[in-house]
Amino acid sequence: MKEKVMNGLEKFSKAMLSPLSYISAAGLILVLGALLTSTSLSAMIPVLQWTPIKLLGQLIYNCIMVIINNLSLMFCVGIAAALAKKNKQQAAIIGLMSYFMYLTAGNVTLTQLGMLAEADPMVGLYGTGQSTVFGIQTVDMGVFGGILLGLVCGWVYNRTCEKQFKGIITQIYSGNRWSFTCMVVFSILFGFGSCFFWPPVQNVISALTDLIATSGNFGLFLYGFLERFLIPTGLHHLIYTPFQFSALGNSLTVGDATYTGSYIVMMMEYSMGLPFSDGIVWMYTGFTKTFGYFGIVAAFIFCARKENRKKTAAVLVPLAFTASLASITEPLDFMFCFTAPILWVAHACISGLFIVLLHIFHVTGFTTNLLGSVLMNLSAGADKTNYPTLYLLALCQIAVYFVVFTLLKGNRFMSVNNMINILRAMSITTVFAIAATVTMAPDGFDMSACTLASCSAYVFVSMYLWYGLPLFACVLITIAVTLVMYQLTMFLILVCKIPDMLATCALMFVHQGLGQWYIGGGAVSTGMRTPAGA
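Residues numbered from 1 in each chain as written. Predicted model: local features only at pLDDT ≥ 70, side-chain atom pairs only at ≥ 80, totals over all residues. Heavy atoms only, no water.

**Some thoughts on the overall build of the protein chain**
Okay, so step 1: Broken down by element type, the protein chain carries 21 helices and four strands.
Okay, so step 2: For the protein chain, with 534 residues in total, the buried portion stands at 41%.
Okay, so step 3: Counting contacts in the protein chain only where the partners sit at least 6 residues apart, residues at least 24 apart contribute 68% of the total.
Okay, so step 4: Of the roughly 27,500 Å² of accessible surface on the protein chain, 70% is carried by carbon and sulfur atoms. (Helix = DSSP H or I, 4+ residues; strand = E, 2+ residues; numbered from the N terminus. Buried < 20%, exposed > 50% of the residue type's maximum accessible area, 1.4 Å probe, protein only. Contact = heavy atoms within 4.5 Å. Areas by Shrake-Rupley, 256 points an atom, 1.4 Å probe, with all protein chains shown as cover.)

Following this line, the structure appears as structure tokens:
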């Protein structure tokens with residue numbers, strides 16, 4: 001059973017990599033388009049405002065963005081083809097047709113039942129639970145719908161593509177056409193059903209916004225966590241939209257006009273030179289996009305085999321800059337959100353944590369888009385934005401991502417076991433350091449602390465292994481023996497008035513002799529037996 005599960009996960013991972021391999025290449029091109037269309041950069045470099053260059057930038061950026069905005073279709077077609085055991089091109093075509101049938105089935109259902117949402121003039125369909133894909137408005141399932149459809153298509157194709165029917169009429173449905181017929185039924189049912197089983201899930205997510213708004217720092221953590229964690233399902237739009245584009249996030253009244261939503265209020269305060277209000281915290285979803293992904297990519301490169309590091313860097317570094325400069329994180333997100341769910345949960349936790357830290361340290365600056373963040377924070381000033389703290393926290397987040405992802409992913413030096421061993425060694429050194437500090441604080445000096453600790457270790461191990469005593473009893477006996485032995489130190493120094501350095505230097509040899517006598521002069525483990533008699 002376990003082997004079947006592992007094989008299934010391996011097939012799924014390989015199928016996911018098929019469409020993702022193209023996204024990594026598109027990421028570098030997208031960075032170029034983002035730079036050429038950047039308003040902040042064009043203000044610094046006037047030549048970028050030349051019409052041919054602006055046109056080139058828009059062409060590059062928008063042509064690549066059409067891929068990023070339709071990752072669901074890419075996954076559906078790519079996974080179906082990758083899972084097909086033969087005639088992969090036929091499976092891809094059936095996957096493509098299935099996807100459009102799924103979209104249309106959802107649209108027809110919403111239209112006929114009067115459930116079609118109306119677009120808001122400012123934010124469109126964001127926050128409604130619906131989206132427009134290739135001009136077809138339907139329930140927004142994000143890439144989750146495309147992935148599920150692609151998996152089903154690949155599975156159905158492998159089991160039906162060789163089916164043959166006899167007869168003049170029925171034989172037309174043989175082979176690949178029978179696979180297509182099966183997917184027609186599933187796509188229509190899936191599109192129809194998504195209009196009923198997905199909205200309740202969306203309603204649960206929407207209900208969380210009230211909890212987030214009234215829960216202080218915990219609410220901020222939940223806000224950042226869910227905004228990242230729900231990306232594969234498309235439900236993350238329901239988390240940030242109410243805060244960034246409605247009165248739930250912030251409001252500002254200027255004369256007779258009232259502006260609502262943290263994004264609109266933030267831009268108005270910036271343009272009017274006003275101090276930024278606390279509502280800007282809801283815009284900090286851009287912080288991790290701008291900085292955190294550099295730490296993620298660094299960890300992946302570090303954990304790669306030495307001979308593959310250059311190839312890994314060539315693929316991932318452009319995606320990190322895509323996330324930082326264009327706030328497009330999906331190419332990186334989908335590389336590990338399904339194949340390494342532990343990393344995905346850790347990613348969401350770190351994102352939520354740093355939104356809380358930005359709030360605690362009173363940062364009120366721009367965090368989205370690296371170039372825009374730097375330029376707008378500099379123009380607004382440190383007194384309004386506290387940007388020095390912002391960029392210090394950015395460095396901390398990069399480091400945290402690197403350490404956490406390396407610990408959870410890597411099998412090299414920086415592994416969980418190695419880190420535990422290092423911390424254990426540090427704890428022993430710390431205990432000795434505390435002991436030395438305590439004795440030196442009143443002008444004393446104890447050279448026998450380490451040898452006394454060795455004797456205590458002998459006592460503890462023997463009580464536990466030789467005599468099979470409970471752990472708490474071993475600890476109590478060890479503490480008692482150590483206190484009794486330390487009486488000799490106090491006697492020599494306080495009663496006999498022997499200088500502490502001389503007395504404790506002599507006691508080093510006394511402790512060593514007592515310890516060797518107790519264990520018989522051999523190794524600690526020599527002749528020892530476990531409580532079970534082994």
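**Considerations on the side chain of Lys 289**
Okay, so step 1: Topologically, Lys 289 is positioned in helix H11 (residues 285-303).
Okay, so step 2: Buried within the structure, Lys 289 lacks any salt-bridge partner; Glu 227 is the closest side chain of opposite charge, at an N-O distance of 4.2 Å.
Okay, so step 3: Ignoring any residue separated from it by four or fewer positions in sequence, one finds Lys 289 in contact with Glu 227, Arg 228, Ala 323, Ser 324, Ser 327 and Thr 329. (Lys, Arg positive; Asp, Glu negative; His and termini not counted. Salt bridge = Lys/Arg side-chain N within 4 Å of Asp/Glu carboxyl O.)

**So, the pairing of strand E1 (residues 130-133)**
Okay, so step 1: As defined by bridge partners, E1 adjoins strand E2 (residues 136-139) across four bridges and the pair is classed as antiparallel. Residue pairing for E2: Thr 132 is matched across the bridge by Gln 137.
Okay, so step 2: Linking E1 back to E2 in an antiparallel pair, the connection comprises two residues, with Phe 134 at a positive phi of about 55 degrees. (Pairing = 2+ DSSP bridges.)

**Considering the nonpolar core**
Okay, so step 1: In terms of nonpolar packing, the biggest core is built from 85 residues, with Tyr 99, Ile 212, Tyr 223, Phe 287 and Phe 405 touching the most fellow members.
Okay, so step 2: Counting residues in each nonpolar core, the second largest holds eight residues, with Ala 34, Ile 64, Ile 68 and Ile 328 among its members. (Core = buried A, V, L, I, M, F, W, Y, C linked by side-chain atoms within 4.5 Å.)

**Points about the packing of helix H15 (residues 370-380) against helix H17 (residues 387-409)**
Okay, so step 1: It is at 10 Å that the axes of H15 and H17 come closest, and there the two elements cross at 155 degrees. Compared by their axis directions, H15 and H17 come out roughly antiparallel. Where H15 abuts H17, its residues Ser 373, Val 374, Asn 377 and Leu 378 lie against Tyr 387, Leu 390 and Tyr 391.
Okay, so step 2: Residues of the contact of H15 with H17, tallied by class, amount to five nonpolar, two polar and no charged. (Axes fitted to C-alpha atoms, helices over the stretch in contact; angles between N-to-C directions. Parallel < 35°, antiparallel > 145°, perpendicular 65-115°, else oblique. Nonpolar A, V, L, I, M, F, W, Y, C, P; charged D, E, K, R; others polar.)

**Some words on the packing of aromatic side chains**
Okay, so step 1: Scanning all chains against the criterion turns up 27 aromatic pairs.
Okay, so step 2: An angle of 55 degrees between the planes, with centres 5.9 Å apart, marks the rings of Tyr 99 and Tyr 102 as tilted. Of this pair, Tyr 99 and Tyr 102 are both found in helix H5 (residues 88-112), three residues apart, which corresponds to roughly one turn of the helix. Here the two residues Tyr 99 and Tyr 102 agree in accessibility, since each one is buried.
Okay, so step 3: Through a chain of ring-to-ring contacts, the aromatic side chains of Tyr 99, Phe 100, Tyr 102, Phe 134, Phe 144, Phe 186, Phe 190, Phe 197 and Trp 198 assemble into a single cluster. (Phe/Tyr/Trp six-rings, centres within 6.5 Å; stacked < 30°, edge-to-face > 60°.)

**Concerning the pattern of salt bridges**
Oppositely charged side chains are able to pair whenever their charged atoms sit close together.
Okay, so step 1: The full count for this structure, using the stated rule, is three salt bridges.
Okay, so step 2: Between Glu 227 and Arg 228 there is a salt bridge whose closest N-O contact spans 2.9 Å.
Okay, so step 3: With relative accessibility at 2%, the residue Glu 227 sits in the buried group.
Okay, so step 4: In this structure, Asp 333 engages Arg 228 in a salt bridge whose closest nitrogen and oxygen atoms are separated by 3.8 Å. In this pair, Asp 333 sits in helix H13 (residues 330-336) while Arg 228 sits in helix H8 (residues 216-229), placing the two residues 105 residues apart along the sequence. As far as the burial class goes, Asp 333 and Arg 228 line up, both buried.

**Re helix H14 (residues 341-360)**
Okay, so step 1: Its 20 residues give H14 an end-to-end C-alpha distance of 29 Å, which sits within 8% of 28 Å, the value for a rise of 1.5 Å per residue.
Okay, so step 2: All of the buried residues in H14 are Leu 343, Trp 344, Ala 346, His 347, Ala 348, Ile 350, Ser 351, Gly 352, Phe 354, Ile 355, Val 356 and Leu 358.
Okay, so step 3: Positive backbone phi, at 60 degrees, marks His 362, one or two positions downstream of H14. (Expected span 1.5 Å × (residues − 1).)

**A closer look at the packing of helix H4 (residues 71-83) against H5**
Okay, so step 1: Contact pair H4 / H5: the axes reach a minimum separation of 7 Å and the direction vectors enclose 150 degrees. In this structure, the crossing between H4 and H5 has a hand that is right-handed. Contacts between H4 and H5 involve Ser 72, Leu 73, Cys 76, Val 77, Ala 80, Ala 81 and Ala 82 from the former and Lys 88, Ala 91, Ala 92, Gly 95, Leu 96 and Tyr 99 from the latter.
Okay, so step 2: Residues belonging to the contact of H4 with H5 are distributed by class as follows: ten nonpolar, two polar and one charged. (Left-handed = near helix turned anticlockwise from the far one by under 90°.)

**Section: H5**
Okay, so step 1: Here H5 contains 25 residues, and its C-alpha end-to-end distance of 36 Å stays within 8% of the 36 Å for a straight helix at 1.5 Å per residue.
Okay, so step 2: Backbone geometry just downstream of H5 places Gly 114 in the positive-phi region, at approximately 70 degrees.

**With respect to the side chain of Asp 140**
Okay, so step 1: Inspection of the secondary structure assignment puts Asp 140 in the loop between E2 and helix H6 (142-160).
Okay, so step 2: Within the buried core, Asp 140 has no salt-bridge partner, and the shortest N-O distance to an opposite charge, that of Arg 228, equals 13 Å.
Okay, so step 3: If near-sequence neighbours (up to four positions away) are discounted, Asp 140 is found in contact with Gly 129, Gln 130, Ser 131, Trp 198, Gln 202, Thr 233, Gly 234 and His 237.

**Quick notes on a nonpolar patch on the surface**
Okay, so step 1: Taken together, Leu 488, Met 490, Phe 491, Leu 494, Val 495, Val 510, Leu 514 and Trp 517 make up a surface patch of nonpolar side chains, about 800 Å² in accessible area.
Okay, so step 2: Every element with two or more residues in the nonpolar patch is listed here: helix H20 (471-495) and helix H21 (500-518).
Okay, so step 3: Broken down by element, the residue count for the nonpolar patch peaks at five residues, all from H20.
Okay, so step 4: One can find Leu 488 in helix H20. (Patch = residues over 30% accessible without salt bridge, like charges linked within 9 Å, V, L, I, M, F, W, Y side chains within 5 Å.)

**Notes on the environment of Phe 405**
Okay, so step 1: Position of Phe 405 relative to the elements: it lies in helix H17.
Okay, so step 2: Given a relative accessible area of 0%, Phe 405 falls into the buried group.
Okay, so step 3: Sequence separation between Phe 405 and Cys 303 is 102 residues, and the spatial gap between their C-alpha atoms is 9.1 Å.

**Observations regarding the confidence of the model for the protein chain**
Okay, so step 1: Across the protein chain, pLDDT averages 80, with 84% of residues at or above 70.
Okay, so step 2: Mean pLDDT across the secondary structure elements of the protein chain bottoms out at helix H18 (residues 416-440), with 51, and peaks at H5, with 94.
Okay, so step 3: Per-residue pLDDT stays below 50 along residues 412-416; that stretch engages in 19 contacts with residues further than four places along the chain or on separate chains.
Okay, so step 4: Segment residues 528-534 is flagged for pLDDT under 50; beyond a separation of four residues in sequence, or across chains, it makes eleven contacts in the model. (pLDDT = per-residue confidence, 0-100.)

**Describing unusual backbone geometry**
Okay, so step 1: The phi torsion at Asn 369 lies on the positive side, around 75 degrees, for a residue other than glycine.
Okay, so step 2: With respect to the secondary-structure elements, Asn 369 resides in the loop between H14 and H15.
Okay, so step 3: You can call Asn 369 partly exposed: its relative accessible area is 23%.
Okay, so step 4: Positioned with a positive phi, Asn 386 is a non-glycine residue whose angle comes to about 55 degrees.
Okay, so step 5: Topologically, Asn 386 is positioned in the loop between helix H16 (382-385) and H17.

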